[in-house]
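Spelled out, the chains give:
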Amino acid sequence: MKNTDTLVAAQELIATIKGRNSNEAETRHKIIDVVLHDVLSWPRNRVSVEEYIAPGFADYVLKKANGDDLLFIEAKKEGVYFTLPAPYVPTECSAYISIAKLRTDPNIKAAMDQVRTYCFDTGCEFAAITNGHEWIFFKTFEHGKRFENLQALVLRNLQFFEKEYTRGQNTFGFTSIFERSSLHEALSSAPPKDRPIYFPKEKIPSYSHTITANRLAGTLRPVVNHYFGVIGDNDTEFMDRCYVSQRDYANMSDGITVLIEDSLTPYFKGYGVSQLDETGRGGQLGGRLTKNIKKQRQGEVLVLFGGKGAGKSTFIKRLLRHNPPPWLREHSVIAIIDLLKVPEENAVIRGKIWHSLVEGLDRDNLLDLPRDKLLAELFSDRFEVAKRQDLAGLNNKSEAYNVRLNGLVSEWKEDKSYCAKRLSEYWASKGKGVIVVVDNTDQYSSETQDFCFTSAQEISNLLLCVSLISMREERFHNSKIHGLLDAFQNSGFHISSPKPSTVFRKRLSYTNMLLSDRNRRTSLLSSDVSEQLVDDCMKYLSILFAEFRDEKSPLNGFLTACAHGDIRLSLDLFRSFLLSGYTNVDEMLASGSWTFKIHQIIKPVMIPNRYFYDENLSDIPNAYQVRYTRHGSHFTSLRILRKLAKNVERSVPAYTSVAELKSYFVNTFNMGDDFSSNLDVLLKHGFVEANNRLDRFAEDLDSIKITNYGLYMVRDLAYYFTYLDLVCTDCGIFSQSTSNYLVEAARKEYDLFSKGDRLERINTRLDRVEKFIEYLASEEQRERELYSLGMKDEEMFTSIIQKTFAAEKTTVIRSAKRNSDPRPKRFKPKRRW
């Protein structure tokens, strides 16, 4: 029902009420039902009437989506008067009044006691009583407060629904109750109290100290940056050897606890987007492009969807440049417009698009032909017009004629859309169709990406060709709801990201092959690199290759989880790890093989070249960060992830309504803003995924599911000693004494690092983490009591942390002692930490 309809309903109800003579049944039918369903838009299927709650019947019960009770209403006939304290002003329609004052009226007290009985029996938090005219909404209980001291929201008369219409809808409207948790906000008597917060890193002088790279990093850096980055446009061998097709990773197995596939969401299936099941030869998309050229379909725009870093550009390059289907190779001309390094300015983007388009279509270099041939081959139409107009009356051998004609030819060359159209017609005359690709638009804002899409439509319409544009799903969602993609009809394809371990194995193998070839490695390494250094680099890469053959390897699992379908990020993280100063290269080489422990992976990836962790500079976020200082918690992110993790069945987690999830956090913790802030971080870093692939928190966010990264964080990463050790100094801390302790421990640790005292430094780090865990435990216990969570000890996050830490502590100390032993080390074939 529209807002105007609900306002009219309220006005008509007020106009029809005369006197107070109706019995209870008439009061409910003529007044209460109208208020609930017509004015407040409560659906009838969400309101239970006359529900039996021993020993009586509840008049109205507003139900949650899962069937639980949210609000009980006790209805009386309109002749039962509620005596209310006098208003401050005669026109007052609503007010907060203490329950103690209200209960001095026997009718109010009796009705409240009756409805509270129902609420206590079912665990319902909210209730209301009404005689149709006066309405009293209240909480039935609140932790740490006497019921009589709570405040009730009293509506003095029906005029409230007209005179305070907006407030009424925002507080009691169905949408507000379930999407904005308005009842909890309106009826919670204890507003959140500000708590001072302290940030240890602000008082640590050496916090920005950098760490030098390992001894192989200088040699490997150019090789790693090239072969663990984007595959070049002209490097066909690299593409053929290292491209991972859908067939290569179709059978996914358990790498972490469960591996959730990056797949097409239900939202996009609803728009007819097709999943690419085979990408080796282009699959369905390659077939669609071939059919378009064969049948000379004109003016179509195809969209290739994929998540951030999923490999859309690589797929396009392989399909259309490196290894196109044979028929397309012979019968098409392809122009790929790469916007990766183009600034976000529409004029600049437009110039790049048309310049690259003309450059891509001019394969025969027609624009470089002598003037006479150019006029005959490409500009013949405009030349014929010019002879009758601009050149009319001029001798074709005169200087004036040639000067004027040269000026016209220059103008025509600068008209890129005209040149593109003429080049397209040139290729059509030779039996070749045009395919235009607009790539890497997903780096831009939604508005700029809309501009790119409309540019692709313009190209298709002008050249009568097929255009292909790569987009992220969330950008398509934004464009769709704003009406810019209304013409989009069943022309979308989705590409899933490849499995990281397969990508790493292929690239490591290829890189080692190049380094082993003396002739080829000269172009990769400087001439002064020794044979021994090359051998060490190859052995190092071989050790890493072995790790990615093991699906349960901590390194494989960590990178797979943290990237969550973003292969670009996965490669970035691997480069950081491979070149990090924390990676123990010499011990690996001496051993000849290596089995990584998780602490040897976390630190090089989270802070590859820094001594202290800083969330703003790391690819791995801090799950314990307090993100809303007004009323936040260290555990909000983990609580969100744990609730979502309960909906995981094998590799297909269910989507959860964001509105219901937020309602839980508001109703349980009164932390609506903290929920939104944490969910924003979870989306940006890929802990959770929206059904419309939005990568930020927004009001149009519908439903979400947990990802591999989220599962890995809430089940493993958040409890590791190394992770806690890194993030503790970057957390906002509510305890000044704990913050001061963390600062002093960090200073001491850095001094010990400078002195090379490894064993004492490890002891300092263990003590610091133990203190941080104690602080987190006190915070979680405080929240358990404050919010009456009723959780068992083993369900507490800090209980899991304490058990994990106790198990790790012995191992960490043993390892530190072994590595601090001044005696010569004897390496075994396989080293386990």
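Basis of the calculations
Residues numbered from 1 in each chain as written. Predicted model: local features only at pLDDT ≥ 70, side-chain atom pairs only at ≥ 80, totals over all residues. Heavy atoms only, no water. Helix = DSSP H or I, 4+ residues; strand = E, 2+ residues; numbered from the N terminus. Buried < 20%, exposed > 50% of the residue type's maximum accessible area, 1.4 Å probe, protein only. Contact = heavy atoms within 4.5 Å. Areas by Shrake-Rupley, 256 points an atom, 1.4 Å probe, with all protein chains shown as cover. Pairing = 2+ DSSP bridges. Axes fitted to C-alpha atoms, helices over the stretch in contact; angles between N-to-C directions. Polar contact = N/O pair within 3.5 Å; in protein donor to acceptor, adjacent residues only side chain to side chain. Phe/Tyr/Trp six-rings, centres within 6.5 Å; stacked < 30°, edge-to-face > 60°. Lys NZ or Arg CZ within 6 Å of the ring centre and 35° of its normal. Salt bridge = Lys/Arg side-chain N within 4 Å of Asp/Glu carboxyl O. Core = buried A, V, L, I, M, F, W, Y, C linked by side-chain atoms within 4.5 Å. pLDDT = per-residue confidence, 0-100. Parallel < 35°, antiparallel > 145°, perpendicular 65-115°, else oblique. Left-handed = near helix turned anticlockwise from the far one by under 90°. Nonpolar A, V, L, I, M, F, W, Y, C, P; charged D, E, K, R; others polar.

## Remarks on the overall build of the protein chain
Phase 1 of the analysis: Across its full length, the protein chain holds 36 helices and 16 strands.
Phase 2 of the analysis: Counting every position in the protein chain, which comprises 833 residues, the buried fraction comes to 56%.
Phase 3 of the analysis: Residue pairs in contact within the protein chain that sit at least 24 positions apart in sequence constitute 73% of those at least 6 positions apart.
Phase 4 of the analysis: Accessible area for the protein chain stands at about 36200 Å²; split by element, carbon and sulfur atoms hold 48% of it.

## A few points about the pairing of strand S1 (residues 47-53)
Phase 1 of the analysis: Here S1 pairs with strand S2 (residues 56-63) via six bridges, running antiparallel. Counterpart to Ser-48 in the pairing with S2 is Val-61.
Phase 2 of the analysis: Counting the residues in the hairpin turn of S1 and S2 gives two residues.

## Looking at the environment of Glu-615
Phase 1 of the analysis: When you line up the elements, Glu-615 lands in the loop between helix H28 (599-606) and helix H29 (636-645).
Phase 2 of the analysis: A C-alpha to C-alpha distance of 8.0 Å links Glu-615 and Val-727, two positions 112 residues apart in sequence.
Phase 3 of the analysis: Every residue in contact with Glu-615, bar those within four places of it in the chain, is listed here: Pro-621, Asn-622, Gln-625, Arg-627 and Asp-730.

## Regarding the sheet that holds strand S4 (residues 94-98)
Phase 1 of the analysis: Here seven strands make up an open sheet; going across it, the order is S1-S2-S3-S5-S6-S7-S4 and the pairing mixed. Lying at the two open borders of the sheet, with one neighbouring strand each, are S1 and S4. Strand-to-strand twist in this sheet, taken as the mean axis angle between neighbours without regard to direction, amounts to 30 degrees.
Phase 2 of the analysis: As paired elements, strand S6 (residues 135-139) and strand S7 (residues 151-155) share three bridges and run antiparallel to each other. From the neighbouring strand, Phe-137 faces S7, where its bridge partner is Leu-153.
Phase 3 of the analysis: Its contacts with the sheet place helix H2 (residues 24-39) against S1, S2, strand S3 (69-75), strand S5 (126-130) and S6, and it is angled at close to 15 degrees to S2.

## Topic: the environment of Arg-382
Phase 1 of the analysis: Here Arg-382 shows up in helix H17 (residues 380-388).
Phase 2 of the analysis: As for Arg-382 and Trp-412, which are separated by 30 residues in sequence, their C-alpha atoms are 8.5 Å apart.
Phase 3 of the analysis: Beyond its immediate chain neighbours, meaning those up to four positions away, Arg-382 contacts Trp-412, Asp-415 and Tyr-418.
Phase 4 of the analysis: There is a polar contact of 3.1 Å between the side chain of Arg-382 and the side chain of Asp-415.

## A short note on the packing of aromatic side chains
Phase 1 of the analysis: Per the counting criterion, the structure on display carries 35 aromatic pairs.
Phase 2 of the analysis: When the ring of Phe-548 is compared with that of Phe-574, the centres are 5.5 Å apart and the planes differ by 75 degrees; the resulting orientation is edge-to-face. Taken together, the residues Phe-548 in the loop between helix H24 (531-547) and helix H25 (554-563) and Phe-574 in helix H26 (residues 567-579) connect sequence positions 26 residues apart. Comparing Phe-548 with Phe-574 shows no difference in burial state: the two are buried.
Phase 3 of the analysis: With centroids separated by 6.4 Å and ring planes inclined at 85 degrees, the aromatic side chains of Tyr-624 and Phe-772 adopt a geometry described as edge-to-face. Taken together, the residues span a long stretch of sequence, with Tyr-624 in the loop between H28 and H29 and Phe-772 in helix H35 (residues 758-786) at a distance of 148 residues. As far as the burial class goes, Tyr-624 and Phe-772 line up, both buried.
Phase 4 of the analysis: One aromatic cluster is present, built from ring pairs that chain together Trp-135, Phe-137, Phe-160, Phe-161 and Phe-172.
Phase 5 of the analysis: The ring of Phe-178 is capped by Arg-46, whose NZ or CZ atom sits 4.5 Å from the centre of that ring.

## Notes on the pattern of salt bridges
Phase 1 of the analysis: For the structure shown, the criterion picks out 43 salt bridges.
Phase 2 of the analysis: Residue Asp-415 pairs with Arg-382 through a salt bridge whose shortest N-O separation is 3.1 Å. Taken together, the residues span a long stretch of sequence, with Asp-415 in the loop between helix H18 (399-414) and helix H19 (416-429) and Arg-382 in helix H17 at a distance of 33 residues.
Phase 3 of the analysis: When its relative accessible area of 25% is taken as the criterion, Asp-415 is described as partly exposed.
Phase 4 of the analysis: Residues Lys-684 and Asp-680 are paired through a salt bridge, measuring 2.9 Å at the closest nitrogen-oxygen approach. Taken as a pair, Lys-684 and Asp-680 lie in helix H31 (residues 672-685) at a separation of four residues, close to a single helical turn.
Phase 5 of the analysis: Overall, the relative accessible area of 48% leaves Lys-684 in the partly exposed class.
Phase 6 of the analysis: Under the relative-accessibility criterion, Asp-680 is labelled buried at 18%.
Phase 7 of the analysis: Connected through salt bridges with shared partners, the residues Glu-24, Arg-28, Glu-50 and Asp-59 form a single ionic network.

## Focus on the nonpolar core
Phase 1 of the analysis: Residues Leu-285, Phe-558, Phe-574, Ile-620, Tyr-624, Leu-679 and Tyr-723 are the most contacted members of the largest nonpolar core, which totals 135 residues.
Phase 2 of the analysis: Excluding residues within four positions of it along the chain, Phe-574 makes contact with Phe-228, Phe-504, Leu-508, Leu-544, Phe-548 and Leu-559.
Phase 3 of the analysis: Counting 48 residues, the second-largest nonpolar core is a separate cluster that includes Ala-335, Leu-357, Leu-378 and Trp-412.

## Some thoughts on the sheet that holds strand S15 (residues 688-690)
Either a parallel or an antiparallel arrangement is found when strands of a sheet pair, and the pairing is made through backbone hydrogen bonds.
Phase 1 of the analysis: Taking strand neighbours across the sheet as the criterion, the three strands line up as S14-S16-S15 in an open arrangement whose pairing is antiparallel. Of all strands in the sheet, those with a lone pairing partner are strand S14 (656-657) and S15, marking the two edges.
Phase 2 of the analysis: Across three bridges, the pairing between S15 and strand S16 (residues 703-706) is antiparallel. Residue pairing for S16: Glu-689 is matched across the bridge by Lys-705.
Phase 3 of the analysis: Running at roughly 85 degrees to S16, H29 makes contact with S14, S15 and S16 of the sheet.
Phase 4 of the analysis: Strand contacts of H31: S15 and S16, with the helix running at about 90 degrees to S15, the strand carrying the most contacts.

## Re the confidence of the model for the protein chain
For any part of a model where pLDDT is low, the fine detail of the predicted coordinates should not be relied upon.
Phase 1 of the analysis: For the protein chain, per-residue confidence averages 85 on the pLDDT scale, and residues scoring 70 or more make up 90% of the total.
Phase 2 of the analysis: Across residues 249-259 the pLDDT falls below 50, and counting only partners more than four positions away or on other chains, this stretch makes 35 contacts in the model.

## Considering the packing of H29 against helix H32 (residues 708-715)
Two packed helices can be described by the angle between their axes and the distance between those axes.
Phase 1 of the analysis: Running from amino to carboxyl end, H29 crosses H32 at an angle of 115 degrees, the nearest separation of the two axes being 9 Å. On the basis of their axis angle, the class for H29 and H32 is roughly perpendicular. Crossing of H29 over H32 shows left-handed handedness. Seen from H29, the contacting residues are Leu-638, Leu-641, Arg-642 and Ala-645; seen from H32, they are Gly-710, Leu-711, Met-713, Val-714 and Arg-715.
Phase 2 of the analysis: Grouping the amino acids of the contact of H29 with H32 by side-chain chemistry returns six nonpolar, one polar and two charged.

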